[in-house]
Amino acid sequence: MEDLASVQRTVIIIHCGEKQRKCFLLEIGHLNRNCNFSMKKGRGRTSRIRRRKLFRSSESRGVSESHKPEFIELKKWLKERKFEDTNLVPACFPDTGRGLMSRTSLQPLFSEAVESIFSYSAFLWAWCTVNTRAVYMKRGQRQCFSTEPDTCALAPYLDLLNHSPHVQVKAAFNEETRCYEIRTGARCRRHEEVFICYGPHDNRQLLLEYGFVPPRNPQASVAVSQDMLVKYLPSSDKQMNKKISILKDHEFIENLTFGWDGPSWRLLSALKLLCLGAEELPYWKKVLLGEIISDTNEKTSLDIAQKICHYFIEETNSMLQKVSHMKDKDMALINQLTLVETLWKEEFKILQASAGILNHLQTAVAVL
């Protein structure tokens, strides 16, 4: 190896304002072939750039979980049924958790650009398809499947059956016949539409989950929040916080509604407790058991319920006017706005029915 003393020395000059300083000596020379002169691996500029790119890309990169026993069993199970795919592998992602990771680009599988296929609108379509069409089914535990008790399944023809709150059916997967079966105790006439019941849902849940609003739904109701519950009560009531605590402790602060048959028993009971005078408050347990404390308490609670109901009627009427104006301005959303309008119209009818029943109750109390 050539003596380093014979290596030519070059002075590197760095400009710092007007002064030039000799900062350091960099030994540069023509070493012979036997000289092993190299930088440590991974410390050069190219390596630093490569590491930065790798770090940026790894922020959303998943870590393969195909080595785990449950996925090995799943792969065997799929292979026995002649289903194999090497493009996708189970992985854990930093943002979304467990999912599928592509080992290669998906573009060769599609004639269109992948960006146009896997778009937000496509995601909405897929999510709505599963959410509005899937059913929950119980199944036996298998080693290669998830241990979650509920399983979503898409069954052909099942989504063609419309909802009716007036029918009762039993639906489940029959392990013996290996079929998803729906049984009803009611007879069906020839050429008559067959219905199933999606569940005892109110109109808002049916609209959100299934995209329709049925007329005269017996499960439909208008909910009363805690803020609305105390809206017309005197703010000077020093016992109000204690009364609210009692309602919360006994789970009487939620599921307070107006329905086709008037204000719910829970709503009237909550209002009666909130309307108790200071001398009547020790008897709050009797209120929650349905007992009458005094005529004054009965009258006051019905008056408050009527005020809340009328407030909702005015608010609903205002919303219907807004939706009507929106329909005139935006024809592209006419179908969606019509559904929203139907929802508000049904709630308007419910509130009108409740207001009528409250009038009868108030008249009966006044006679007593």
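A brief structural summary. A quick note: this is a predicted structure, and the numbers were derived from the prediction, not measured. (Residues numbered from 1 in each chain as written. Predicted model: local features only at pLDDT ≥ 70, side-chain atom pairs only at ≥ 80, totals over all residues. Heavy atoms only, no water.)

**Notes on the environment of L271**
So, point 1. Relative to the elements of secondary structure, L271 occurs in helix α8 (residues 265-274).
So, point 2. Residue class for L271 comes out buried when judged on its relative accessible area of 0%.
So, point 3. With 29 residues separating them along the chain, L271 and T300 place their C-alpha atoms 8.7 Å apart.
So, point 4. Setting aside residues no more than four positions away along its own chain, L271 makes contact with L229, S301, I304, A305 and I308. (Helix = DSSP H or I, 4+ residues; strand = E, 2+ residues; numbered from the N terminus. Buried < 20%, exposed > 50% of the residue type's maximum accessible area, 1.4 Å probe, protein only. Contact = heavy atoms within 4.5 Å.)

**Considering the sheet that holds strand β4 (residues 88-93)**
So, point 1. Read from one edge to the other, the open sheet built from three strands follows the order β3-β4-β5, with strand pairing classed as antiparallel. This sheet does not close on itself; its edge strands, each paired only once, are β3 (63-64) and β5 (97-102).
So, point 2. Note that β4 and β5 share six bridges and pair antiparallel. Across the sheet, the residue bridging to F93 is G97, located in β5. (Pairing = 2+ DSSP bridges.)

**Comments concerning the pairing of strand β9 (residues 169-174)**
So, point 1. In this structure, β9 lies alongside strand β10 (residues 179-184), joined through six bridges in antiparallel fashion. The residue of β10 that forms the bridge with K170 is R183.
So, point 2. A loop of four residues connects β9 with β10, the two strands running antiparallel in sequence, and R178 in this loop sits at a positive phi of about 60°.

**Observations concerning the environment of G185**
So, point 1. Secondary-structure assignment places G185 in the loop between β10 and β11 (195-196).
So, point 2. Looking at G185, the relative accessible area reads 79%, which means it is exposed.
So, point 3. In this structure, the C-alpha to C-alpha distance between G185 and V167, residues 18 residues apart in sequence, is 8.8 Å.

**Some remarks on the packing of aromatic side chains**
Each aromatic ring pair is characterised by the separation of its centres together with the angle its planes make.
So, point 1. Under the counting rule described, the total for this entry stands at seven aromatic pairs.
So, point 2. Ring centres 6.2 Å apart and planes at 55° place the aromatic pair Y311 and F312 in the tilted group.
So, point 3. Assessed through its relative accessible area of 27%, Y311 is described here as partly exposed.
So, point 4. Cluster of aromatic residues (ring-pair linked, three or more members): Y198, Y210 and F212.
So, point 5. Positioned above the aromatic ring of W260 is the side chain of R216, whose terminal nitrogen or guanidinium carbon lies 3.7 Å from the ring centre.
So, point 6. R266 extends its terminal NZ or CZ atom over the ring of F252, reaching a point 4.8 Å from the ring centre. (Phe/Tyr/Trp six-rings, centres within 6.5 Å; stacked < 30°, edge-to-face > 60°. Lys NZ or Arg CZ within 6 Å of the ring centre and 35° of its normal.)

**Examining helix α7 (residues 240-249)**
So, point 1. Among all positions in α7, only M240, K243, I244, I246 and L247 are buried. For α7, the angular spread of the buried residues around the axis is 155°, confining them to a single face. Along α7, the residues that are exposed and aim more than 90 degrees away from the buried face are N241 and D249.
So, point 2. Looking at the buried positions of α7, the neighbouring elements they touch are α6 (226-229), α8 and α9 (284-288).
So, point 3. E251 occupies a position one or two residues after α7 and carries a positive phi of about 55°. (Arc of directions from axis to C-beta.)

Function-wise, these values are silent; they only describe arrangement.
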